[in-house]
Protein chains: 2
Amino acid sequence: MPTDETRTAILTAAEQLYAERSFGEVSLRDIVAAAGVNLAAVNYHFGSKDELLAELFLSRATALNRERFAALKEAEAAGDGRADVEAILRALAGPPIRWCLGADRQRSAAARFMTRAAVETVPPIRKIVERDITHLRRFADALRRALPDREEVDVYWGLHFALAMIRQTTTDSERLRKLSGDLCDLDDVDDIIERIVQLASAGLTGKTAPLRKERAKAAAAKG
Amino acid sequence: MPTDETRTAILTAAEQLYAERSFGEVSLRDIVAAAGVNLAAVNYHFGSKDELLAELFLSRATALNRERFAALKEAEAAGDGRADVEAILRALAGPPIRWCLGADRQRSAAARFMTRAAVETVPPIRKIVERDITHLRRFADALRRALPDREEVDVYWGLHFALAMIRQTTTDSERLRKLSGDLCDLDDVDDIIERIVQLASAGLTGKTAPLRKERAKAAAAKG
DNA sequence: GTCTATATTCGGATAGAC
DNA sequence: GTCTATCCGAATATAGAC
């Protein structure tokens, strides 16, 4: 691995740049300038810009998924095969939030790069992102096992909202800081994860006010 | 306004295309082809690609904000000057979700265009997006008035999570549909808004399980 | 106001020396 | 494996006729 440091220099630089600007806005020339390597090196090592992007995304997504799965497995082991809702959510939210807001600059860039790549419409990315749905399915299944009495649609909506909070926090934390006048402490990573876990958990377990439909139903039953 | 229909044809076509692909991926040639107008018309009417984007975004953002404000004002009037949390959230979430998931294709494109534009790093957009924080501040203020006993940071976090759910639902509803095997009904717009409002409201009013810190505090007080 | 034709810039890719 | 030099296509922007 230390042999071709040119390869990793390119990947690192690309990741850093993609964390802040979109795919189309970052040119190969920007990347090689940041990496301190020659322009031709990109095509030599990766073949094309698209393939560079694909390899980068695959590499980071694999690492993140691995970490999430490990946490999920651990939670399931701790619960004798069935993890509880909060533990599942912590396995889902912990890794990306820690990566993004933690001290490790490289990891932070990786996390922001990935949320940006997730909405990218470039073909090589789309393919990998679609595969990512498989990864989510395992979390959905774990949640359904943890909530056998809950309607299936509610579980999916709950997962959807959990992912929403994770994404927003990795992409728009800066706006929150500004909006709150620096009141919201984005360095207290564990607190943030816990906020997400608790609220997402409330959504999944149905500890919110009844939905309009159910209220209407209840009113009808009453009246 | 009906005079130069070329202008509006360009705006409409651009909006449609930007709803699905990013700024850098849509060329002026794509736009004029979709609009059925000449290439030079863009520069004649708008000056440049950037200015076209800026005008489009400003126009749609203004319309959306107006609708949100009207709903907020109405809620405040109904509550004799102080709107309750759910009404505020409904004013925040209703317009974008109805636009995005409603039947009006134009409106749907507008909503998706805007969430895409919000993460765009192109200068002309950044400027307008930053102004948008002012718009959010009014909602933050309304929420603080509705929740005088609640810690200020919790209000900001609650707003952050509400925005998260709105954004995710406007951008990734397709993934949810797939993941749930078509179980989640994305046509029942009112139900979706209500899901968002109820969960966001739970987050704001603190009806979730206590955070780790507070639990630790409670345990310390007890033991 | 609308079109054709063109200027100009930029970015991805490659050939070929070292 | 790395570099220089260059090709080629694409896209924005504009000049100027109608």
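Residues numbered from 1 in each chain as written. Chains lettered and ligands numbered in written order. Predicted model: local features only at pLDDT ≥ 70, side-chain atom pairs only at ≥ 80, totals over all residues. Heavy atoms only, no water.

**Let's talk about the protein's contact with DNA strand D**
So, step 1. Surrounding DNA strand D, one finds 13 residues, the nearest of these being Thr6(A), Asn38(A), His45(A), Arg29(B) and Lys49(B).
So, step 2. The side chain of His45(A) places a nitrogen or oxygen atom 2.8 Å from a phosphate oxygen of DNA strand D.
So, step 3. The contact in question runs from a phosphate oxygen of DNA strand D to an N or O atom on the backbone of Lys49(B), over 2.9 Å.
So, step 4. The set of elements that each furnish at least two residues to the surface near DNA strand D consists of α3 (39–46) of chain A together with α2 (28–35) and α3 (39–46) of chain B. (Near = heavy atom within 4 Å. Polar contact = N/O pair within 3.5 Å; in protein donor to acceptor, adjacent residues only side chain to side chain. Helix = DSSP H or I, 4+ residues; strand = E, 2+ residues; numbered from the N terminus.)

**Topic: α3(A)**
All names here are of chain A.
So, step 1. Within the span of α3, buried status applies to Ala 41, Val 42 and Phe 46. Looking straight down α3, one finds its buried side chains confined to an arc of 105 degrees; they lie on one side.
So, step 2. Looking at the packing, one finds that the buried side of α3 touches α1 (5–18), α2 (28–35) and α4 (49–78).
So, step 3. Of the residues flanking the start of α3, the one acting as N-cap is Asn 38, its side-chain oxygen 2.9 Å from the backbone nitrogen of Ala 40. (Buried < 20%, exposed > 50% of the residue type's maximum accessible area, 1.4 Å probe, protein only. Arc of directions from axis to C-beta. Contact = heavy atoms within 4.5 Å.)

**Concerning the pattern of salt bridges**
So, step 1. Under the defined criterion, the tally for this structure stands at 36 salt bridges over all chains.
So, step 2. A salt bridge links Arg107(B) to Glu67(B); the nearest nitrogen and oxygen atoms lie 3.9 Å apart. Taken together, the positions of Arg107(B) in helix α6 (residues 105–118) and Glu67(B) in helix α4 (residues 49–78) put the pair 40 residues apart, joining distant regions of the chain.
So, step 3. By relative accessible area, which is 35% here, Arg107(B) ends up partly exposed.
So, step 4. A salt bridge links Asp172(B) to Arg175(B), with the nearest nitrogen and oxygen atoms 3.7 Å apart.
So, step 5. By relative accessible area, Arg175(B) is classed as partly exposed at 26%.
So, step 6. Each of Arg150(A), Asp154(A), Asp191(B) and Arg195(B) takes part in one network of salt bridges that share partners. (Salt bridge = Lys/Arg side-chain N within 4 Å of Asp/Glu carboxyl O.)

**Some thoughts on the protein's contact with DNA strand C**
So, step 1. Neighbouring DNA strand C are 14 residues; Leu28(A), Arg29(A), Lys49(A), Thr6(B) and Asn38(B) lie closest to it.
So, step 2. Among the atoms of DNA strand C close to the protein, meaning within 4 Å, 51% are from sugar or phosphate groups.
So, step 3. In this structure, Thr6(B) approaches DNA strand C through a side-chain N or O atom, which is 2.9 Å from a phosphate oxygen.
So, step 4. Between DNA strand C and the protein, one listed contact pairs a phosphate oxygen with a side-chain N or O atom of Asn38(B) at 3.2 Å.
So, step 5. Residue assignment for the surface near DNA strand C shows that the elements contributing at least two residues are α2 and α3 of chain A together with α3 of chain B.

**Looking at the environment of Val32(A)**
Residue and element names in this part refer to chain A.
So, step 1. Inspection of the secondary structure puts Val 32 in helix α2.
So, step 2. When the C-alpha atoms of Val 32 and Ala 118 are compared, they prove to be 24 Å apart, with 86 residues separating the residues in sequence.
So, step 3. Setting aside residues no more than four positions away along its own chain, Val 32 makes contact with Val 37, Asn 38, Leu 39 and Val 42.

**Observations regarding the packing of helix α10 (residues 189–205) of chain A against helix α10 (residues 189–205) of chain B**
So, step 1. At a closest axis distance of 10 Å, the pairing of α10(A) and α10(B) adopts a crossing angle of 135 degrees. Considering the angle they form, α10(A) stands oblique to α10(B). α10(B) is crossed by α10(A), and the crossing has right-handed handedness. Residues Leu199(A), Ala202(A) and Gly203(A) of α10(A) pack against Leu199(B), Ala202(B) and Gly203(B) of α10(B).
So, step 2. Looking at the contact of α10(A) with α10(B) residue by residue, the classes come out as 4 nonpolar, 2 polar and no charged. (Axes fitted to C-alpha atoms, helices over the stretch in contact; angles between N-to-C directions. Parallel < 35°, antiparallel > 145°, perpendicular 65-115°, else oblique. Left-handed = near helix turned anticlockwise from the far one by under 90°. Nonpolar A, V, L, I, M, F, W, Y, C, P; charged D, E, K, R; others polar.)

**Focus on the interface of chain A and chain B**
So, step 1. Contacts between the two partners involve 57 residues from chain A and, on the opposite side, 57 residues from chain B.
So, step 2. Buried surface at the junction of chain A and chain B, summed over both partners, amounts to about 5,400 Å²; 63% is from carbon and sulfur atoms.
So, step 3. Taken as a group, Trp157(A), Leu179(A) and Arg195(A) account for 15% of the area that chain A buries against chain B, more than any other trio of residues on that side.
So, step 4. The interface formed by chain A and chain B includes 5 salt bridges.
So, step 5. A salt bridge links Arg167(B) to Asp172(A); the nearest nitrogen and oxygen atoms lie 3.0 Å apart.
So, step 6. Summed over the shared surface of chain A and chain B, the number is 12 residue pairs in polar contact (both at pLDDT 80 or more). (Buried area = accessible area lost by both parts, 1.4 Å probe.)

**A short note on helix α1 (residues 5–18) of chain B**
Residue and element names in this part refer to chain B.
So, step 1. Across its 14 residues, α1 extends 20 Å between first and last C-alpha, which sits within 8% of the 20 Å expected from 1.5 Å per residue.
So, step 2. Ile 10, Leu 11, Ala 13, Ala 14, Glu 15, Leu 17 and Tyr 18 are the residues of α1 that are buried.
So, step 3. Where the residues of α1 are buried, they touch α2, α3, α4 and α6. (Expected span 1.5 Å × (residues − 1).)

**So, the domain arrangement of chain A**
When the parts of a complex come together, some accessible area is lost, and that lost area is often taken as the interface size.
Residues and elements named next belong to chain A.
So, step 1. According to the domain assignment, chain A contains domain 1 (1–47) and domain 2 (57–222).
So, step 2. Distance from the C-alpha centre of domain 1 to the C-alpha centre of domain 2: 30 Å.
So, step 3. Counting from both sides, the interface comprises 10 residues of domain 1 and, opposite them, 10 residues of domain 2.
So, step 4. Each partner contributes to the roughly 950 Å² buried at the junction of domain 1 and domain 2, and carbon and sulfur atoms together form 49% of this total.
So, step 5. Area buried by domain 1 at its contact with domain 2 is led by Glu 15, Ala 19 and Phe 23, which between them contribute 53% of it.
So, step 6. The tally of links between domain 1 and domain 2 comes to 2 salt bridges.
So, step 7. Note that Glu 15 is salt-bridged to Arg 60, the shortest N-O span being 2.4 Å.
So, step 8. Remark: the boundary between domain 1 and domain 2 carries 4 residue pairs in polar contact (both at pLDDT 80 or more).
So, step 9. Its residues placed into classes, the side of domain 1 that touches domain 2 shows 4 nonpolar, 3 polar and 3 charged. (Domains from an automatic or database assignment.)

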